[in-house]
Structure formats: structure tokens, C-alpha cells
Amino acid sequence: MHARFHTAFAALPENLSSALEPFLRHDDFPAMLTAADVAQVKQATGLDDDALAFALLPLAAACSVTPISHFHVGAIARGTSGNLYFGANMEFAGAPMQQTVHAEQSAVTHAWLRGETRLASITVNYTPCGHCRQFMNELTSGTELDIHLPDRDVATLGDYLPHSFGPKDLDITTLLMDKVDHGYQLDNADALTLLALDACNQSHAPYSKSYSGVALETHSGKQFAGRYAENAAFNPSLPPLQAALILLNMSGEDCLKVRRAVLVENTGALLTQDDATRATLKAIGCEEVKTVTC
Ligand SMILES: O=c1ccn([C@H]2C[C@H](O)[C@@H](CO)O2)c(=O)[nH]1
Ligand SMILES: [Zn+2]
């Protein structure tokens, strides 16, 4: 089992820990459960969907990387497929605060990067901040997304974000998690660059049309790609490096062990992720960075 789960796992009720053990046993547990896994765990424990998501929160929070706050936020996103995706907050010492990833962003992006196209609900151990409410207002689920919090009745994102500002205000109809393909191509690119290109092609940037993707290779040789996720209010946008780091972290790899990175952006775009990506990569100890335009 990955060391980060030891403490939280040991504190789970016995029937839940034995039902989860076959999944968590492996070091490369992907921090998600498929709908079939969920059905199996529910049957073994008698927990319903809601109770199971709450019971999993300590495991999700155990994935947080928080050198600044030491405050562990966990989130569980449920896709309409029935799959559950873990999320946790991530902080980067040596980089600006703006590079921080919230647990809700992590769970949402995790689901999106694994191919989910719509969320039914999100369960979090703390109330989502304003920034996260705005981030989630970009999603295909719109204001219908159910938010589950400890000691509160379930409520929708619409309840938590009245009088909201969102994509519709800017006449945007393609939402975050909608499947898109911007169709850019590159000749003679290596595998890591092609992974970043694919992420760029699936990025959500309807406001700036500045598409981007980042692919990371760890010291252990694993590769992870993240897509840029723009937001109608601009500032809550999630950069592509953060998305890649979310997937890397959820997959059990160490953010401080990135060996090389590729950023792919479209040529002539209004925005660039280049400087910010390099600065944050430098802060986490990766200086082999290539930027490619498509
Ligand atoms: O909605 C929230 C609010 C805060 N945090 C994280 C961000 C930072 O890492 C830490 C302190 O704010 O908690 C979240 O993950 N979600
Ligand atoms: Zn937040």
C-alpha cells in the first residue's frame, strides 16, 4: 500500500478497510474506484453512495501535498458513470500562492482527465471556498451539481452560488468536461510531446482560444498529461501544469520527482503558459522544460 494511506486506512471501520484492501494494496492504486468497484464495496459494507463517499474522504485527504498550510482537504467526485475520483489540495513551496490546487479542483480535474464527461456530485470535508464554487460553475453539470458536506444537508452548486456568473454570461456553450478536439497536429514529435499535444487538443479555453497541455515524465519513467481548464471569471482558471500534477499525484507519484516536461500551445495565441509553467516547475525541481507550438 502507498505509504500516504497507512494512517487513514488504519482508522477506517474494519468492514470498510477489508473491502478496500484489494484496491489499495497496490502502490499504484489510481485514487479512483470504478462503478463496479463501488458496487462491490457497497455490497461488502452495506454503505450507500453517500456514506461511502464520506468514508473515503480521509483517504482522499491523505493525498494532499501541503508544505505551507499542513491543512488536508479531501474531495470525492462522482461521475455520472458511477466512478469515484479522489482529489486533494496541493501547495508548491517556492512558487506564488496562485499556483495552489484546491481539493475540489483536483477531484474535478482528475475525473475529467480520466475521461468522465459529467459529474453527479462532489463530497468534501470542508465547505468549498468561493474560488472552488466559481471553478465548478464552469462544469457540464452546471448549477445541478450536488455538494455533500459533513453535518449539512445535500445542496446544489446553485444553492452555494446564488446569482452566479458563468459561461452563459459570455455566450459560451462548450463547458468544462465536454469532449473537444481542437485538431492540432505535430510532425516528428516524441511520445511526451504527443501526450502534451493531445492534452492541448482537449483543453478547455473557449474564452481566449489559447489552448495548452503539459506532459510530465517522472524519474520513474511514468508520463502524465494535463489540460488547461479556463474559467468564465478568468482568474479561477486551472493551468495545464497543475492539471498534470493532479494526475501525477493521484497516481501515487511524487511531485518533486519530475524529470522533464513539455508544454504544447497553439501558435499565435493571446495567452501563454510558458513563463508560469517554467517557474512552477523550477520550484518543484524540474528544469528540463520544452515548449512546442502547434
Ligand atoms: O475550498 C477549499 C479551500 C481551501 N483549500 C485548500 C487550499 C490550501 O491548500 C489550503 C488552505 O487554504 O486549503 C481547498 O482545497 N479547498
Ligand atoms: Zn477552494
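The structure presented is a predicted model; accordingly, all values stated were derived computationally and were not measured. All residue numbers here refer to positions counted from 1 along the written sequence of the relevant chain. Chain labels run from A onward and ligand labels from 1 onward, assigned in the order the entries are written. At least 70 in pLDDT is required for a residue's local features to be given in this predicted model, at least 80 for side-chain atom pairs to be given and counted, and no such filter applies to totals for whole chains, interfaces and linings, which use all residues. Hydrogen atoms and water are omitted, and side-chain values are computed over all heavy atoms in the structure.

A word on the pairing of strand 8 (residues 223-227). Burial classification: accessible surface area is computed with a 1.4 Å probe over protein chains only, and a residue below 20% of its type maximum counts as buried, one above 50% as exposed, and the rest as partly exposed. Helix and strand definitions here come from DSSP, where helices need a minimum of 4 consecutive H or I residues and strands a minimum of 2 consecutive E residues; each element is numbered from the N-terminal end. Buried residues dominate strand 8, accounting for 4 of its 5 residues. Here strand 7 (residues 212-218) pairs with strand 8 via 5 bridges, running antiparallel. Bridge pairing links leucine 216 to phenylalanine 224 in strand 8. DSSP calls a pair of strands paired once it identifies at least 2 bridges connecting them. Between the antiparallel neighbours strand 7 and strand 8 lie 4 residues, among them glycine 221 with a positive phi of about 90°.

A word on the site of ligand 1. Nearness is defined per residue: one heavy atom within 4 Å of the molecule or strand is enough. Lining the immediate environment of ligand 1, one finds 13 residues, of which Asn89, Glu91, Ala103, Glu104 and Cys129 sit closest. Here a polar contact is recorded for every N or O atom pair within 3.5 Å, except that within protein the pair must consist of a potential hydrogen donor and a potential acceptor, and residues adjacent in sequence are included only if both atoms are side-chain atoms. In this structure, a nitrogen atom belonging to ligand 1 sits 2.9 Å away from a side-chain N or O atom of glutamate 104. Note that an oxygen atom of ligand 1 is positioned 2.9 Å from one of the backbone N or O atoms of cysteine 129. Computed with the Shrake-Rupley method and a 1.4 Å probe, the accessible areas treat only the protein chains shown as cover for residues. For ligand 1, the accessible surface in isolation is 370 Å², of which the surrounding protein chains cover 79%.

Once that is clear, we can look at the packing of aromatic side chains. Two rings belonging to Phe, Tyr or Trp (six-membered ring only in the last case) form a pair when the distance between their centres is within 6.5 Å. Interplanar angles under 30 degrees mark stacking, angles over 60 mark edge-to-face geometry, and anything in between is tilted. The full count for this structure, using the stated rule, is 5 aromatic pairs. Measuring from ring centre to ring centre gives 5.9 Å for phenylalanine 5 and phenylalanine 29, while their planes differ by 70°; the resulting arrangement is edge-to-face. Linking phenylalanine 5 in the segment before helix 1 (6-10) with phenylalanine 29 in the loop between helix 2 (14-24) and strand 1 (32-33), this pair joins segments that are 24 residues apart in sequence. Each member of the pair, phenylalanine 5 as well as phenylalanine 29, is classed as buried. Here the aromatic rings of phenylalanine 71 and tyrosine 126 are separated by 4.6 Å at their centres, their planes lie at 35°, and the arrangement is tilted. Of this pair, phenylalanine 71 sits in the loop between helix 4 (49-61) and strand 2 (74-79) while tyrosine 126 is found in the loop between strand 4 (119-124) and helix 6 (130-136), placing the two residues 55 residues apart along the sequence. Of the residues examined, phenylalanine 71 reaches a relative accessible area of 39% and is grouped as partly exposed. Joined through ring pairs, the aromatic side chains of Phe5, Phe29 and Phe86 make up one cluster. Criterion for a charge above a ring: Lys NZ or Arg CZ within 6 Å of the ring centre, and within 35 degrees of the ring normal. Positioned above the aromatic ring of tryptophan 112 is the side chain of arginine 227, whose terminal nitrogen or guanidinium carbon lies 4.9 Å from the ring centre.

This part is about the domain arrangement of the protein. Delimitation of the domains relies on an automatic or database domain assignment. Each assigned domain of the protein is listed with its residue range as follows: domain 1 (29-164) and domain 2 (191-293). Computed from C-alpha atoms alone, the centre-to-centre distance between domain 1 and domain 2 is 21 Å. Two residues qualify as a contact provided that any one of their heavy atoms is within 4.5 Å of a heavy atom in the partner residue. Listed per partner, the contact involves 26 residues of domain 1 and 27 residues of domain 2. Contact between domain 1 and domain 2 buries roughly 2200 Å² in total, counting both sides, with carbon and sulfur atoms accounting for 64%. By buried area we mean the combined loss of accessible area, with a 1.4 Å probe, across both parts when two parts are placed together. The largest contributions to the domain 1 side of the interface with domain 2 come from Trp112, Leu113 and Glu138, which together make up 30% of the buried area. The term salt bridge refers to a side-chain nitrogen of Lys or Arg lying within 4 Å of a carboxyl oxygen of Asp or Glu. Viewed at the interface, domain 2 and domain 1 are joined by 0 salt bridges. Inspection of the region where domain 1 meets domain 2 yields 8 residue pairs in polar contact (both at pLDDT 80 or more). For the side of domain 1 that touches domain 2, the secondary-structure elements that each account for two or more residues are strand 3 (84-88), helix 5 (103-113) and helix 6. For the side of domain 1 that touches domain 2, the element with the most residues is helix 5, which contributes 6 residues. Three categories are distinguished: nonpolar for Ala, Val, Leu, Ile, Met, Phe, Trp, Tyr, Cys and Pro, charged for Asp, Glu, Lys and Arg, and polar for the others, with Gly belonging to the last. For the side of domain 1 that touches domain 2, the residue count by class is 15 nonpolar, 9 polar and 2 charged.

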